Amino acid sequence: MPRVLLIEDDRAVREGVALALRRQGHEVALAVTGEDGLILLRSFRPDVVVLDLMLPGMPGLEVCRAMRALDPTLPVVMVTARGDDEDIVVGLEMGADDYVVKPVQARVLQARIRAVLRRAAGPVGESGIPRIDTYGDLAVDRAGLAVTWQGSPVALAPSELRLLLTLSAAPGQVFSRQQLLEAVWEHSYHGDARLVDACVRRLRVKMGEPPREPRYIHTVRGFGYRFAAR
């Protein structure tokens, strides 16, 4: 079963979430501070990190930034207090793949973890799609789940890779934010456009997209996004 690193300073939340995850068969490592979490990241080698934003010492947002610097592809699920909209947006911009709001419901967290691990494993049922699609300077290896930009590898988080695969599989097609939430994040009941918008911004930066005139991922105002194969 997947290995989960849980970084949470609230003892009741930490023990409750850890118990629920272990009952599902996960191997769980616990850290109270961000500093301890970064140490465990190297020794425990988790498949996914569950990270509280409100931590003593090193803030959760800085921990997320440090984790992304160490491993850009590691799935990260943030835990936030209800109403911390600004922190949610900043956390998503720093590279978190998803988030849950306190009080944490074990079934919701488990669903988020399963979904983000499926994204990390890549899409299924694409055996008929050519191995590599090339769009100018951008190359998408659908079988190898790899992306290069001007010949150099681009390290993408699971949500970023799944979003790019979804958009680029249908160039010119306009996807609403809700469609992308359901296809990438599997949140059919959770209409949060911030996940999509933050992920698009991160993708554009990593792909070298001009901020004012993106070449590949175009915004369709009032609706969503489309991929332009040019």
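Structure's up top.
As the structure is a prediction and not an experimental result, all values here were calculated from the model. (Residues numbered from 1 in each chain as written. Predicted model: local features only at pLDDT ≥ 70, side-chain atom pairs only at ≥ 80, totals over all residues. Heavy atoms only, no water.)

### Comments concerning the packing of helix 6 (residues 158-168) against helix 7 (residues 177-185)
- Remark: helix 6 packs on helix 7, axes separated minimally by 9 Å, with the N-to-C direction vectors making an angle of 120°. Compared by their axis directions, helix 6 and helix 7 come out oblique. Helix 7 is crossed by helix 6, and the crossing has right-handed handedness. Seen from helix 6, the contacting residues are Ser 159, Arg 162, Leu 163, Thr 166 and Leu 167; seen from helix 7, they are Leu 180, Ala 183, Val 184 and Trp 185. (Axes fitted to C-alpha atoms, helices over the stretch in contact; angles between N-to-C directions. Helix = DSSP H or I, 4+ residues; strand = E, 2+ residues; numbered from the N terminus. Parallel < 35°, antiparallel > 145°, perpendicular 65-115°, else oblique. Left-handed = near helix turned anticlockwise from the far one by under 90°. Contact = heavy atoms within 4.5 Å.)

### Details of the environment of Pro 158
- For Pro 158, the location among the structural elements is in helix 6.
- Taking the C-alpha atoms as reference points, Pro 158 and Val 116, separated by 42 residues in sequence, lie 6.9 Å from one another.
- Aside from chain neighbours lying at most four places away, what touches Pro 158 is Thr 73, Pro 75, Asp 97, Val 116, Arg 119 and Ala 120.

### Describing the packing of aromatic side chains
- Taken as a whole and assessed by the stated rule, the structure comprises three aromatic pairs.
- Residues Tyr 135 and Phe 227 carry aromatic rings whose centres are separated by 4.9 Å and whose planes lie at 70° to one another, so their mutual orientation is edge-to-face. Here Phe 227 lies in strand 12 (residues 224-227) and Tyr 135 lies in strand 6 (residues 132-135), a separation of 92 residues in the sequence. There is no split in this pair, since Tyr 135 and Phe 227 are both buried.
- Residues Tyr 216 and Phe 227 carry aromatic rings whose centres are separated by 5.8 Å and whose planes lie at 15° to one another, so their mutual orientation is stacked. Pair noted here: Tyr 216 is in the loop between helix 8 (193-206) and strand 11 (217-220) and Phe 227 is in strand 12, with a separation of 11 residues, a long-range link. (Phe/Tyr/Trp six-rings, centres within 6.5 Å; stacked < 30°, edge-to-face > 60°. Buried < 20%, exposed > 50% of the residue type's maximum accessible area, 1.4 Å probe, protein only.)

### Quick notes on the nonpolar core
- Ile 7, Val 49, Leu 138, Leu 164 and Ile 217 are the most contacted members of the largest nonpolar core, which totals 53 residues.
- Of all the elements, helix 8 adds the most residues to this core, at six residues.
- Contacts of Ile 7, omitting those with residues within four sequence positions, involve Ala 31, Thr 33, Gly 34, Gly 37, Val 49, Val 50, Leu 51, Asp 52, Leu 55, Val 63 and Met 67.
- Core analysis: the second largest hydrophobic core is formed by 16 residues, Ala 18, Val 100, Leu 109 and Ile 113 among them. (Core = buried A, V, L, I, M, F, W, Y, C linked by side-chain atoms within 4.5 Å.)

### Describing the layout of surface pockets
- Of the pockets and cavities examined, the second largest pocket occupies roughly 220 Å³.
- Lining the second largest pocket, in full, are Leu 41, Arg 42, Arg 45, Pro 46, Asp 47, Leu 70, Asp 71, Thr 73, Leu 74, Pro 75, Leu 117 and Ala 120.
- Those elements that place two or more of their residues in the lining of the second largest pocket are helix 2 (34-44) and helix 5 (106-121).
- Considering only residue class, the lining of the second largest pocket consists of seven nonpolar, one polar and four charged. (1 Å grid on protein atoms, 1.4 Å probe; cavity = no way out; pocket = protein on both sides within 12 Å on 5 of 7 lines; lining within 4 Å. Points joined across faces, edges and corners; volume = space filled by probe spheres on them. Nonpolar A, V, L, I, M, F, W, Y, C, P; charged D, E, K, R; others polar.)

### Regarding helix 8
- Given a rise of 1.5 Å per residue, 14 residues ought to cover 20 Å, and the 20 Å separating the end C-alpha atoms of helix 8 matches this to within 8%.
- Among the residues making up helix 8, those that are buried are Leu 195, Val 196, Asp 197, Ala 198, Cys 199, Val 200, Arg 202, Leu 203 and Arg 204.
- Where helix 8 ends, the next residue or the one after it, Gly 208, has phi of about 70°, a positive value. (Expected span 1.5 Å × (residues − 1).)

### Remarks on the sheet that holds strand 9 (residues 152-153)
- The strand order across the open sheet built from four strands is 6-7-8-9, with neighbouring strands paired in antiparallel fashion. In this open sheet, the two edge strands, each paired with only one partner strand, are strand 6 and strand 9.
- Inspection of the sheet shows strand 7 (residues 138-141) paired to strand 8 (residues 146-149) by four bridges, in the antiparallel sense. Directly across from Val 140, in strand 8, lies its bridge partner Val 147.
- Contacting strand 6, strand 7 and strand 8, helix 6 runs over the sheet at an angle of about 100° to strand 7. (Pairing = 2+ DSSP bridges.)

### A word on the pattern of salt bridges
- Within this structure, the stated rule accounts for 13 salt bridges.
- Residues participating in the shared-partner salt-bridge network are Glu 8, Asp 52 and Lys 102. (Salt bridge = Lys/Arg side-chain N within 4 Å of Asp/Glu carboxyl O.)

So, to be careful, I would describe these as geometric facts and stop short of saying anything about function.
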